[in-house]
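Coordinate analysis (summary)
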Amino acid sequence: MALLFLDSADLDEIREAASWGVVDGVTTNPTLMMRAGTADLKANTLEIVRIVQGPVSAEVVSTDAEGMIEEAREILSWSEHVFVKIPCTVEGLKAMREISSWPNGRINATLIFSPAQAYLAAKAGATYASVFVGRMDDAGLEGMAVVRQTRDIFDNYGFSCSLLAASIRHTGHVVDALLAGADIITVPFKVLRTMIRSPFTDVGLERFLADWKKVAG
Ligand code: G3P
């Protein structure tokens with residue numbers, strides 16, 4: 001089963017999406033926190049955990065391994081549902097290697113733009129590898145190719161790291177990520193809303209109800 005996460009730090013949006021019953025977890029990042037208008041990472045993350053009762057990713061802001069490890073120790077202590085997001089850099093790899101040796105070392109390796117980076121993150125012990133599909137498409141690259149190649153690499157060698165398709169821009173990305181075998185897809189709320197919508201469903205429902213009225217009064 002592919003898991004569906006919401007890519008948001010906005011509590012209203014998360015509450016609404018969670019009420020639909022199809023959201024398994026949430027990913028946040030410093031930009032999403034800024035858009036949600038809060039700098040209280042702990043309070044916001046814990047409220048999200050309370051709402052979704054599933055995996056919630058919170059990102060470090062240090063750029064050196066030591067600082068990332070220190071932040072990760074704090075972030076991971078908040079709840080068993082919390083994952084720490086670590087950027088896929090050299091310092092990030094060092095931090096991932098250390099954090100993955102902890103009993104609670106749940107890591108979401110973020111800002112991945114190539115299969116080679118995903119491979120290194122998996123080797124360093126990341127639990128999730130987040131491939132940023134939309135940002136590659138924005139730059140004229142084919143983001144989904146990185147998802148497909150990473151899937152093959154993880155399968156070839158039996159990596160247990162979950163492949164997470166992130167930076168999703170539209171429903172087509174969701175379908176392609178599912179076809180490419182992503183384990184998790186994280187979508188902004190506006191994409192989730194588009195996924196359920198079809199004018200054919202609306203027209204079809206309208207007709208069913210009108211016909212039922214004719215026969216049942
Ligand atoms: O949360 C990580 C990723 O999904 C961000 O996406 O829209 O900023 O490219 P975006």
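What you see is a predicted model; the values in this text were computed from it and never measured. (Residues numbered from 1 in each chain as written. Predicted model: local features only at pLDDT ≥ 70, side-chain atom pairs only at ≥ 80, totals over all residues. Heavy atoms only, no water.)

1. Regarding the overall build of the protein
Heads up, the condition is: Per the convention used, a helix needs a DSSP run of H or I reaching at least four residues, while a strand needs a run of E reaching at least two, with both numbered from the N terminus. The globule rule used for comparison is 2.2 Å times the number of residues to the exponent 0.38, while the radius of gyration itself is calculated over C-alpha atoms. Between buried and exposed lies partly exposed: a residue is buried under 20% and exposed over 50% of the maximum accessible area for its type, with that area taken using a 1.4 Å probe on protein chains only. Within this scheme the basic residues Lys and Arg register as positive and the acidic residues Asp and Glu register as negative, but His and the chain ends are omitted. Charge coordinates come from a single atom per side chain, which is NZ of Lys, CZ of Arg, CG of Asp or CD of Glu.
Helix and strand counts for the protein come out as 11 helices and eight strands. The C-alpha radius of gyration of the protein comes to 19 Å, within 12% of the 17 Å expected for a compact globule of 217 residues. Residue burial in the protein is summarised as follows: out of 217 residues, 47% are buried. Separation between the mean location of the 20 positive side-chain charges and that of the 27 negative ones in the protein comes to 4 Å.

2. Here we look at the nonpolar core
Cut-off, in case you're wondering: We define the nonpolar core as a collection of buried residues of types Ala, Val, Leu, Ile, Met, Phe, Trp, Tyr and Cys that are connected through side-chain atoms lying within 4.5 Å of one another.
Among the nonpolar cores identified, the biggest contains 61 residues, and V84, I86 and I99 are the most heavily contacted of them. The leading source of residues in this core is helix α4 (residues 65-77), at six residues. Grouped together as the second largest cluster of nonpolar side chains are seven residues, F5, F132, A166 and I184 included.

3. Digging into the site of the ligand
Applied cut-off: Residues are counted as near a molecule or strand when any one of their heavy atoms sits within 4 Å of it. Polar contact is defined as a pair of N or O atoms within 3.5 Å, subject to the rule that within protein one atom must be able to donate a hydrogen and the other to accept it, and that residues adjacent in sequence are counted only when both atoms are side-chain atoms. Note on areas: Shrake-Rupley with a 1.4 Å probe; residue coverage comes only from the protein chains shown. A 1.4 Å probe that fits into a set of points on a 1 Å grid over the protein atoms alone but cannot get out defines a cavity; an open set with protein on both sides within 12 Å along at least five of seven lines defines a pocket, and lining residues are those with an atom within 4 Å of a point. In this scheme, a molecule is assigned to a cavity or pocket if more than half of its atoms are within 2 Å of the grid points. For this classification, the nonpolar set comprises Ala, Val, Leu, Ile, Met, Phe, Trp, Tyr, Cys and Pro, the charged set comprises Asp, Glu, Lys and Arg, and every other residue, Gly included, is treated as polar.
Near the ligand the following residues occur: D7, N29, K85, F132, R135, A166, S167 and R169. Separating an oxygen atom of the ligand from a side-chain N or O atom of D7 is a distance of 2.5 Å. At a separation of 2.7 Å, an oxygen atom of the ligand approaches a polar side-chain atom of R135. Coverage of the ligand by the protein chains reaches 87% of its 310 Å² of free accessible surface. With respect to the pocket detection grid, the ligand is positioned in the largest pocket. Residue composition of the shell around the ligand, by class: two nonpolar, two polar and four charged.

4. Examining the environment of M195
Counted only if it meets this: Note on contacts: a residue pair is in contact if any heavy atoms of the two residues lie within 4.5 Å.
Mapped onto the fold, M195 is located in helix α10 (residues 189-196). Judged by its relative accessible area of 32%, M195 is partly exposed. For M195, the residues in contact, after removing those within four places along its chain, are L4, T171 and V174.

5. Describing the pairing of strand β4 (residues 82-87)
The two faces of a sheet get side chains in turn, since along a regular strand they alternate between them. So the rule is basically this: By this definition, two strands are paired if DSSP reports at least two bridges between them.
In terms of burial, β4 is largely enclosed, as six of its six residues are buried. The side-chain alternation of β4 yields two buried faces, one formed by V82, V84 and I86 and the other by F83, K85 and P87. Of the strand pairs in this sheet, strand β3 (residues 56-59) and β4 are connected by four bridges, and their pairing is parallel. Across the sheet, S57 pairs through a bridge with F83, a residue of β4.

6. Re the environment of K42
You can see K42 is positioned in helix α3 (residues 41-52). The partly exposed category is assigned to K42, whose relative accessible area is 40%. Along the primary structure K42 and W78 are separated by 36 residues, whereas in three dimensions their C-alpha atoms are 7.4 Å apart. Sequence-distant contacts of K42, that is, excluding residues within four places in its chain, are made with E74 and W78.

7. What about the layout of surface pockets?
The cut-off we apply is this: Grid points are joined across faces, edges and corners, and a volume is the space filled by probe spheres set on the points.
By volume, the largest pocket amounts to about 480 Å³. What lines the largest pocket is a set of 25 residues, among which D7, N29, L32, R35 and P188 lie closest to the centre. Mapped by element, the contributors of at least two residues to the lining of the largest pocket are α2 (30-36), β6 (128-132), β7 (162-166) and α10. Considering every element that reaches the lining of the largest pocket, the biggest residue donor is α2, with four residues. A per-class count over the lining of the largest pocket returns nine nonpolar, eight polar and eight charged.

In short, shape yes, function no, at least from these values alone.
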